[in-house]
Each structure stands twice: as structure tokens, then as C-alpha cells.
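# A closer look at the structure
These are the residues of each chain, in order.
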Amino acid sequence: MSFVEFMEISLYHDDYGYYTEPFSRVIGRPGDFYTSVSVGATFGFLLAHAFRSAWQGEFGGAGRPVIVEQGAHDGRLARDVMSGLRAIDPVFAGDVVYRIIEPRPAVRAALEERLARDPEGRGIEVVGDVAAAKASCGLFLCNELLDAFPVHCLVYLEGEWHERCVGLNGSGDGLAWVSRSLPEPLRPFAAELGHGFCDGYHTEVALSVDHWMAENATLFEEKGIWWIIDYGYERVDYYAPSRRTGTLRCYQGHRASEDPFASPGRQDITAHLDFTRLEEAAVRSGLKRSRFTDQHHFLIDAARPWLLSLEGQVPDAATAKRLRQFQTLTHPSLMGQQFKVMELRI
Ligand SMILES: C[S@@+](CC[C@H](N)C(=O)[O-])C[C@H]1O[C@@H](n2cnc3c(N)ncnc32)[C@H](O)[C@@H]1O
């Protein structure tokens with residue numbers, strides 16, 4: 001079996017997939033890993049600030065403000081953005097439509113049910129695909145979506161690229177890596193990587209990013225902004241000869257490992273995003289990159305009006321908490337440098 005099939009089943013199998021039950025798989029302290037969303041409501045609050053100023057500065061008179069998110073998991077970021085908007089500008093917030101794209105029917109039903117019971121779920125809709133989320137103008141947003149896309153794995157052996165696949169181990173009672181000759185869809189990518197890697201060098205590629213970007217680029221007809229937030233590298237760093245063991249990682253109970261076969265369906269499996277691949281797919285789809293920065297710079301920019309409003313005040317307990325979360329999100333040695341933001345526009 002190819003690794004891409006194994007990862008698809010491990011993460012998204014209807015009954016046993018790691019991401020099949022978003023409300024039992026906890027992201028954050030009691031779960032397997034942290035995301036910027038799980039740090040607290042500050043991430044959504046700052047994105048709300050950035051969205052409002054982008055909308056008012058660039059989308060003047062463009063009708064109802066629309067935000068589309070994919071990879072929303074349990075809907076927490078959607079709730080944080082909406083409550084951030086309500087705190088900043090209740091009239092503007094009242095106009096905003098927030099659409100989550102969730103293609104899996106069971107996850108969609110669970111999300112809809114949870115949002116309907118939650119007063120902070122006001123204004124948030126859940127739809128099944130890009131076609132149902134379309135608008136003439138709007139913002140698309142995703143945090144750590146593309147690092148969860150199943151990847152193909154490749155290995156360089158005796159001067160040739162091979163596909164790294166999943167087979168049985170020597171005793172036949174577990175799974176192990178096996179290699180086979182490259183299938184057709186991976187050949188152009190391997191040719192582009194070229195040669196000169198050490199024996200056993202292995203890496204990965206998410207080919208599905210191309211199709212995803214092409215479809216997603218059709219979301220907005222007239223004017224759109226995309227904020228794609230994730231960890232990853234530009235191609236020159238991703239496939240550097242020195243990165244001998246790629247970026248595939250597994251997380252369980254906040255412990256990282258490189259063994260995806262240890263407990264399929266019970267651990268997260270992820271790979272960094274190749275931002276160059278994303279940008280190339282965006283350009284082919286008629287979008288252009290307007291910004292590529294790290295989370296540190298992106299959020300400091302977004303936070304400016306909030307930080308100015310605090311000047312000269314002694315922070316109360318809620319503000320002090322928000323400032324602590326802000327530091328975690330932006331500090332270069334915490335989440336500020338690891339996470340990148342690619343901004344695309346029509
Ligand atoms: C690493 S989690 C990030 C969750 C959340 N955005 C956060 O930052 O806390 C990745 C999420 O993307 C979801 N996902 C993966 N592929 C998806 C797709 N094609 N459409 C919608 N969600 C998807 C997974 O189910 C999972 O909830």
C-alpha cells in the first residue's frame with residue numbers, strides 16, 4: 001500500500017480515523033499537540049482585527065462580509081473570530097457570514113449540532129464543499145489544514161528515487177516501510193528533485209495541494225484574500241540535501257515520533273507544507289502571493305490597534321491573559337517563527 005493511502009485511512013477512516021471524532025480528539029493541553037487555536041481565544045481575536053481592517057480598507061461597499069474556513073476541527077477558531085468581531089465592532093460582526101467547509105457528512109453533522117447549541121456559534125454555517133461556500137468577495141482562512149493532507153513518501157537508494165510504501169515487517173505481525181519503483185504520478189516530482197542525495201535520504205510530497213488550491217481559488221468571484229497558516233518551508237529548504245529524514249512526524253500525548261505504524265488511528269500524522277508548491281498551484285489558478293511572512297510579523301501587524309488601545313493602562317486579569325497568549329503565539333522561540341502565513345489574492 002502507498003503511504004498516501006495509509007495516511008488517508010489512519011487519519012480519515014469513517015470509523016477509526018484519528019480525525020473522525022473532532023470532539024473526542026482533543027487538541028491542546030489534554031490532547032496530543034497544540035495549535036495556535038488551542039493556545040486560547042487570542043489567535044481568533046487577532047484574526048478578527050486583521051479581517052475587519054482588511055474588509056474596511058479594501059472591500060468597501062462589497063456587500064456582506066464573508067469568511068470561509070476549512071480544517072476547522074471542532075469550530076473553535078470560528079467561534080473565537082466571531083466573538084472577537086463582536087467585542088471589536090458588534091455592528092460589523094452582525095453582518096459577517098462565517099462558513100466552515102467540512103466535506104465529511106458525520107463530522108459536519110456533529111459540528112452543526114454543536115454550533116447550534118452554542119451562543120457563540122451565531123453567524124457560523126457549515127457547508128460540504130467549495131461550491132456551497134462561494135461568495136463574490138471574502139476571506140479564506142485555514143490553520144494547520146494542509147499539514148494534515150496525506151503525503152506520498154520517497155526514498156533515494158543507490159542513486160535512484162523510489163516510493164516508500166507500507167508493507168509487513170519481517171515477522172509478519174506489524175507494518176514496516178518497504179520501497180518500490182516510482183509510480184507514474186511521482187516521476188515528474190522526482191525528476192525535479194534531481195540527484196546528489198545521500199543513500200537512504202527520504203522525504204515526502206502532498207500532491208493533493210495542487211487540486212485543493214485549484215478548487216479553492218474559485219471561492220470568490222470578484223475579490224478575495226487567502227490566509228494559509230501552517231508550518232513549512234520554501235522548496236529550497238524543504239528538499240535540502242541536509243534534511244535527510246524529511247518532515248513526517250507523529251504526535252500522541254505531546255510526544256513526537258517518526259513511527260507512523262506505532263498506533264494507526266490513535267496518533268496524529270503530519271508533514272510540513274511545501275509553500276513553493278502551494279504558491280505555484282495558486283499562480284496557476286490565477287491568484288498571486290501578496291505576502292509571505294511568519295506568524296510573529298503577521299500577528300504583530302494584526303495586533304497594532306489592540307496594543308495601541310492598551311497604552312497607558314494597567315492590564316486587568318483578562319488582558320493579562322490575552323497578553324500571555326499573544327506572547328506564546330508570536331515569540332520566535334515558541335510559535336512565532338515556526339508558523340508561516342501565505343497571503344494570496346485574486
Ligand atoms: C491539525 S488539525 C487543525 C485543526 C484546527 N484548524 C486548529 O488549528 O486547531 C487539521 C484539521 O483539518 C481537518 N481536515 C483535513 N482535511 C480536511 C478537508 N479536506 N476538509 C476539511 N477539513 C479537513 C482535520 O479533520 C483536522 O480537524
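This one's a predicted model, so the numbers in the text were calculated from it and none came from an experiment.

With that settled, consider the domain arrangement of the chain. Its domain assignment divides the chain into domain 1 (31-149 + 207-236 + 273-345) and domain 2 (152-205). Taking only C-alpha atoms into account, the centre of domain 1 sits 35 Å from that of domain 2.

What follows covers the environment of lysine 288. Tracing the sequence through the fold places lysine 288 in strand E14 (residues 288-294). Residues within four places of lysine 288 in sequence aside, it is in contact with Val283, Leu344 and Arg345.

As a further point, take the sheet that holds strand E6 (residues 160-168). Pairing in this open sheet of four strands is antiparallel, and the strands run E7-E6-E5-E8 from one edge to the other. Unpaired on one side and paired on the other, strand E7 (175-181) and strand E8 (202-205) mark the two borders of the sheet. Along the sheet, successive strands turn relative to each other by an average axial angle of 40°, direction set aside. Relative to E7, E6 runs antiparallel, the two being bridged by seven bridges. If you follow leucine 168 over to E7, its bridge partner there is leucine 175. Packed onto the sheet, helix H1 (residues 3-12) meets strand E5 (152-157) and E6 and runs at close to 45° relative to E6.

Rules used in this analysis
Residues numbered from 1 in each chain as written. Predicted model: local features only at pLDDT ≥ 70, side-chain atom pairs only at ≥ 80, totals over all residues. Domains from an automatic or database assignment. Helix = DSSP H or I, 4+ residues; strand = E, 2+ residues; numbered from the N terminus. Contact = placed C-beta atoms within 7 Å. Pairing = 2+ DSSP bridges. Axes fitted to C-alpha atoms, helices over the stretch in contact; angles between N-to-C directions.

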